[in-house]
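Letter by letter, the chains look like this.
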Amino acid sequence: RKEVEQDPGPFNVPEGATVAFNCTYSNSASQSFFWYRQDCRKEPKLLMSVYSSGNEDGRFTAQLNRASQYISLLIRDSKLSDSATYLCVVNAAGWFGNEKLTFGTGTRLTIIP
Amino acid sequence: DAGVTQSPTHLIKTRGQQVTLRCSPKSGHDTVSWYQQALGQGPQFIFQYYEEEERQRGNFPDRFSGHQFPNYSSELNVNALLLGDSALYLCASSPYGQGNQPQHFGDGTRLSIL
(Lines give C-alpha, C1' and ligand atoms only; values in the text may rest on other atoms or scores of the structure.)
Protein backbone atom coordinates (compact mmCIF):
# COMPACT_ATOMS: atom_id res chain seq x y z
CA ARG A 1 0.00 0.00 0.00
CA LYS A 2 1.33 3.45 -0.89
CA GLU A 3 2.04 5.79 2.02
CA VAL A 4 -0.16 8.50 0.50
CA GLU A 5 -2.85 7.64 -2.03
CA GLN A 6 -4.82 9.96 -4.26
CA ASP A 7 -7.15 9.49 -7.18
CA PRO A 8 -4.96 10.60 -10.10
CA GLY A 9 -7.93 11.84 -12.10
CA PRO A 10 -8.08 13.61 -14.43
CA PHE A 11 -11.02 15.60 -13.16
CA ASN A 12 -12.61 17.73 -15.90
CA VAL A 13 -15.02 20.14 -14.26
CA PRO A 14 -17.06 23.06 -15.67
CA GLU A 15 -16.22 26.53 -14.45
CA GLY A 16 -18.22 27.45 -11.35
CA ALA A 17 -18.67 23.87 -10.18
CA THR A 18 -17.58 22.42 -6.86
CA VAL A 19 -14.95 19.71 -6.87
CA ALA A 20 -13.63 17.51 -4.07
CA PHE A 21 -10.37 15.58 -3.81
CA ASN A 22 -9.66 12.79 -1.36
CA CYS A 23 -6.45 11.40 0.01
CA THR A 24 -5.59 8.59 2.41
CA TYR A 25 -2.36 8.02 4.31
CA SER A 26 -0.99 4.88 5.92
CA ASN A 27 1.27 6.17 8.70
CA SER A 28 -0.86 6.79 11.78
CA ALA A 29 2.05 8.70 13.37
CA SER A 30 1.77 11.45 10.76
CA GLN A 31 1.53 14.83 12.40
CA SER A 32 1.05 17.49 9.77
CA PHE A 33 -0.69 17.63 6.46
CA PHE A 34 -0.71 19.92 3.48
CA TRP A 35 -2.19 20.43 0.05
CA TYR A 36 0.23 21.68 -2.57
CA ARG A 37 -0.63 22.85 -6.06
CA GLN A 38 1.63 22.17 -9.01
CA ASP A 39 1.23 23.78 -12.41
CA CYS A 40 2.58 22.05 -15.49
CA ARG A 41 6.38 21.88 -15.43
CA LYS A 42 6.56 24.10 -12.35
CA GLU A 43 7.50 23.52 -8.73
CA PRO A 44 4.91 22.57 -6.08
CA LYS A 45 3.50 25.54 -4.18
CA LEU A 46 1.73 25.39 -0.85
CA LEU A 47 -2.03 25.76 -1.22
CA MET A 48 -2.93 25.28 2.42
CA SER A 49 -2.07 23.41 5.57
CA VAL A 50 -4.69 21.02 6.92
CA TYR A 51 -5.68 21.33 10.56
CA SER A 52 -7.48 18.82 12.75
CA SER A 53 -10.54 21.03 13.09
CA GLY A 54 -10.72 21.66 9.36
CA ASN A 55 -9.88 24.97 7.81
CA GLU A 56 -11.03 27.24 5.05
CA ASP A 57 -9.23 29.73 2.85
CA GLY A 58 -11.59 31.55 0.53
CA ARG A 59 -13.02 29.03 -1.91
CA PHE A 60 -10.87 26.22 -0.53
CA THR A 61 -11.77 23.98 2.43
CA ALA A 62 -9.55 21.25 3.86
CA GLN A 63 -10.64 18.51 6.23
CA LEU A 64 -8.68 15.93 8.22
CA ASN A 65 -10.04 12.73 9.72
CA ARG A 66 -7.28 11.17 11.83
CA ALA A 67 -9.35 8.13 12.78
CA SER A 68 -9.85 7.21 9.12
CA GLN A 69 -6.47 8.63 8.05
CA TYR A 70 -8.21 10.66 5.40
CA ILE A 71 -7.70 14.18 4.05
CA SER A 72 -9.93 16.10 1.70
CA LEU A 73 -9.86 19.32 -0.30
CA LEU A 74 -13.00 21.07 -1.54
CA ILE A 75 -12.89 23.80 -4.16
CA ARG A 76 -16.05 25.87 -4.56
CA ASP A 77 -16.95 28.11 -7.51
CA SER A 78 -14.03 26.75 -9.51
CA LYS A 79 -12.09 29.13 -11.78
CA LEU A 80 -10.12 28.45 -14.92
CA SER A 81 -6.99 29.36 -12.94
CA ASP A 82 -7.65 26.42 -10.61
CA SER A 83 -6.52 24.03 -13.35
CA ALA A 84 -3.45 22.29 -11.95
CA THR A 85 -2.31 19.12 -10.22
CA TYR A 86 -3.16 18.97 -6.52
CA LEU A 87 -0.72 17.09 -4.31
CA CYS A 88 -1.67 15.63 -0.96
CA VAL A 89 1.34 15.82 1.36
CA VAL A 90 1.95 14.18 4.72
CA ASN A 91 4.71 14.83 7.24
CA ALA A 92 5.36 11.71 9.28
CA ALA A 93 7.81 13.39 11.63
CA GLY A 94 6.83 14.70 15.01
CA TRP A 95 6.34 18.38 15.67
CA PHE A 96 9.99 18.81 16.63
CA GLY A 97 11.44 16.22 14.37
CA ASN A 98 12.93 16.40 10.97
CA GLU A 99 10.48 16.78 8.19
CA LYS A 100 10.15 14.06 5.64
CA LEU A 101 7.34 14.96 3.33
CA THR A 102 5.58 12.14 1.56
CA PHE A 103 3.65 13.16 -1.53
CA GLY A 104 0.75 11.53 -3.26
CA THR A 105 0.94 11.14 -7.01
CA GLY A 106 -1.32 14.14 -7.43
CA THR A 107 -4.80 14.69 -8.81
CA ARG A 108 -5.00 16.51 -12.10
CA LEU A 109 -7.81 19.06 -12.37
CA THR A 110 -8.91 20.82 -15.54
CA ILE A 111 -11.59 23.52 -15.36
CA ILE A 112 -13.58 23.74 -18.56
CA PRO A 113 -14.96 27.13 -19.71
CA ASP B 1 13.18 38.19 0.42
CA ALA B 2 14.71 35.62 -1.91
CA GLY B 3 12.98 32.30 -2.07
CA VAL B 4 14.62 28.97 -2.78
CA THR B 5 16.91 29.17 -5.80
CA GLN B 6 18.24 26.24 -7.80
CA SER B 7 20.78 25.94 -10.57
CA PRO B 8 21.01 25.02 -13.33
CA THR B 9 17.48 25.15 -14.70
CA HIS B 10 18.05 22.46 -17.28
CA LEU B 11 20.80 19.93 -17.78
CA ILE B 12 21.48 17.24 -20.37
CA LYS B 13 23.87 14.40 -19.56
CA THR B 14 24.70 10.98 -20.93
CA ARG B 15 24.65 7.65 -19.17
CA GLY B 16 27.57 7.08 -16.83
CA GLN B 17 28.30 10.75 -16.29
CA GLN B 18 28.15 12.58 -13.01
CA VAL B 19 26.08 15.68 -12.19
CA THR B 20 25.98 18.29 -9.43
CA LEU B 21 22.86 20.33 -8.72
CA ARG B 22 22.82 23.37 -6.44
CA CYS B 23 20.32 24.94 -4.08
CA SER B 24 20.18 28.04 -1.91
CA PRO B 25 17.47 27.97 0.76
CA LYS B 26 14.98 30.66 1.53
CA SER B 27 16.29 33.34 3.86
CA GLY B 28 15.90 32.22 7.47
CA HIS B 29 15.74 28.52 6.62
CA ASP B 30 18.49 26.15 7.70
CA THR B 31 17.22 22.78 6.49
CA VAL B 32 17.37 21.62 2.88
CA SER B 33 15.57 18.62 1.43
CA TRP B 34 15.94 17.16 -2.06
CA TYR B 35 13.23 15.43 -4.06
CA GLN B 36 13.09 13.63 -7.39
CA GLN B 37 9.94 13.98 -9.46
CA ALA B 38 9.50 11.67 -12.43
CA LEU B 39 6.95 12.54 -15.09
CA GLY B 40 3.40 11.94 -13.86
CA GLN B 41 4.50 11.17 -10.30
CA GLY B 42 4.61 13.07 -7.05
CA PRO B 43 8.00 14.17 -5.69
CA GLN B 44 9.99 11.41 -3.96
CA PHE B 45 12.15 12.28 -0.96
CA ILE B 46 15.89 11.77 -1.55
CA PHE B 47 17.50 13.16 1.61
CA GLN B 48 17.57 16.08 3.99
CA TYR B 49 20.46 18.15 5.32
CA TYR B 50 20.74 20.12 8.52
CA GLU B 51 23.89 21.43 10.20
CA GLU B 52 25.91 20.13 7.25
CA GLU B 53 24.87 16.53 7.93
CA GLU B 54 22.51 14.17 6.18
CA ARG B 55 19.66 13.71 8.68
CA GLN B 56 17.21 11.54 6.80
CA ARG B 57 17.34 9.55 3.61
CA GLY B 58 14.73 8.08 1.31
CA ASN B 59 15.01 4.92 -0.78
CA PHE B 60 17.71 6.09 -3.14
CA PRO B 61 21.02 4.33 -3.90
CA ASP B 62 24.41 5.55 -2.79
CA ARG B 63 24.93 7.06 -6.23
CA PHE B 64 22.91 9.94 -4.82
CA SER B 65 24.93 12.00 -2.37
CA GLY B 66 24.83 15.50 -1.06
CA HIS B 67 26.45 18.21 0.90
CA GLN B 68 25.42 21.24 2.90
CA PHE B 69 27.65 24.26 3.36
CA PRO B 70 27.95 26.58 6.38
CA ASN B 71 25.73 29.14 4.64
CA TYR B 72 23.00 26.42 4.46
CA SER B 73 23.21 26.05 0.68
CA SER B 74 23.32 22.50 -0.59
CA GLU B 75 24.44 20.32 -3.48
CA LEU B 76 23.02 17.10 -4.83
CA ASN B 77 25.47 14.82 -6.63
CA VAL B 78 24.48 11.87 -8.77
CA ASN B 79 27.15 9.48 -10.06
CA ALA B 80 27.00 6.89 -12.83
CA LEU B 81 23.85 8.40 -14.32
CA LEU B 82 21.16 6.05 -15.60
CA LEU B 83 18.38 6.77 -18.06
CA GLY B 84 15.94 6.41 -15.15
CA ASP B 85 17.53 9.37 -13.40
CA SER B 86 15.84 11.68 -15.88
CA ALA B 87 13.49 13.78 -13.76
CA LEU B 88 12.78 17.14 -12.19
CA TYR B 89 14.97 17.56 -9.10
CA LEU B 90 13.43 19.80 -6.49
CA CYS B 91 15.05 21.44 -3.53
CA ALA B 92 12.94 22.54 -0.58
CA SER B 93 13.89 24.48 2.51
CA SER B 94 12.36 24.91 5.93
CA PRO B 95 13.28 25.97 9.45
CA TYR B 96 14.54 23.01 11.48
CA GLY B 97 12.36 21.56 14.17
CA GLN B 98 9.09 23.04 12.98
CA GLY B 99 7.35 20.04 11.51
CA ASN B 100 4.08 21.88 11.21
CA GLN B 101 5.60 24.44 8.86
CA PRO B 102 5.45 23.77 5.13
CA GLN B 103 8.51 23.40 2.99
CA HIS B 104 9.19 25.95 0.26
CA PHE B 105 10.31 24.66 -3.11
CA GLY B 106 12.66 26.02 -5.73
CA ASP B 107 11.86 25.99 -9.43
CA GLY B 108 13.74 22.73 -9.85
CA THR B 109 16.42 21.42 -12.17
CA ARG B 110 15.19 19.38 -15.11
CA LEU B 111 17.74 16.64 -15.78
CA SER B 112 17.64 14.68 -19.01
CA ILE B 113 19.83 11.62 -19.52
CA LEU B 114 20.54 10.56 -23.10
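Residues numbered from 1 in each chain as written. Chains lettered and ligands numbered in written order. Predicted model: local features only at pLDDT ≥ 70, side-chain atom pairs only at ≥ 80, totals over all residues. Heavy atoms only, no water.

**Some points on the interface of chain A and chain B**
Contacts between chain A and chain B engage 22 residues on the former and 27 residues on the latter. Of the roughly 2,000 Å² buried between chain A and chain B, counting both surfaces, carbon and sulfur atoms make up 49%. Where chain A packs against chain B, one counts 2 residue pairs in polar contact (both at pLDDT 80 or more). Of all the secondary-structure elements, those providing two or more residues to the side of chain A that touches chain B are strand E4 (32–38), strand E9 (84–91) and strand E10 (101–103) of chain A. (Contact = heavy atoms within 4.5 Å. Buried area = accessible area lost by both parts, 1.4 Å probe. Polar contact = N/O pair within 3.5 Å; in protein donor to acceptor, adjacent residues only side chain to side chain. Helix = DSSP H or I, 4+ residues; strand = E, 2+ residues; numbered from the N terminus.)

**With respect to the sheet that holds strand E3 (residues 19–24) of chain B**
Residue and element names in this part refer to chain B. The strand order E1-E3-E8-E7 describes an open sheet built from 4 strands, whose pairing is antiparallel. If you trace the sheet from one side to the other, it starts and ends with strand E1 (5–7) and strand E7 (64–68), each paired once. Here the average twist between neighbouring strands, direction ignored, is 20 degrees. (Pairing = 2+ DSSP bridges. Axes fitted to C-alpha atoms, helices over the stretch in contact; angles between N-to-C directions.)

**Section: the state of the cysteines**
Residue and element names in this part refer to chain A. In this structure the tally under the stated criterion is 2 disulfides over all chains. Disulfide pairing is shown between Cys 23 and Cys 88; the S-S distance is 2.0 Å. Because the torsion about its S-S bond is -75 degrees, the bridge between Cys 23 and Cys 88 counts as left-handed. One end of the pair, Cys 23, is in strand E3 (residues 19–25); the other, Cys 88, is in strand E9, with 65 residues separating them in the sequence. (Disulfide = S-S within 2.5 Å.)

**Digging into the nonpolar core**
Within the largest apolar cluster, 23 residues are counted, with the highest numbers of intra-cluster contacts made by Phe 21, Trp 35, Ile 71, Leu 73, Ile 75, Tyr 86 and Leu 109 of chain A. Counting residues in hydrophobic clusters, the runner-up holds 20 residues, among them Leu 21, Ile 46, Cys 91 and Ile 113 of chain B. (Core = buried A, V, L, I, M, F, W, Y, C linked by side-chain atoms within 4.5 Å. Buried < 20%, exposed > 50% of the residue type's maximum accessible area, 1.4 Å probe, protein only.)

**Thoughts on the pattern of salt bridges**
Residues and elements named next belong to chain B. Going through the model one piece at a time under the given rule, you end up with 8 salt bridges over all chains. The residue Glu 75 makes a salt bridge to Arg 22 at a minimum N-O spacing of 3.4 Å. One end of the pair, Glu 75, is in strand E8 (residues 74–78); the other, Arg 22, is in strand E3, with 53 residues separating them in the sequence. When its relative accessible area of 41% is taken as the criterion, Arg 22 is described as partly exposed. Between Glu 51 and Arg 55 there is a salt bridge, with its nearest N and O atoms 3.1 Å apart. (Salt bridge = Lys/Arg side-chain N within 4 Å of Asp/Glu carboxyl O.)

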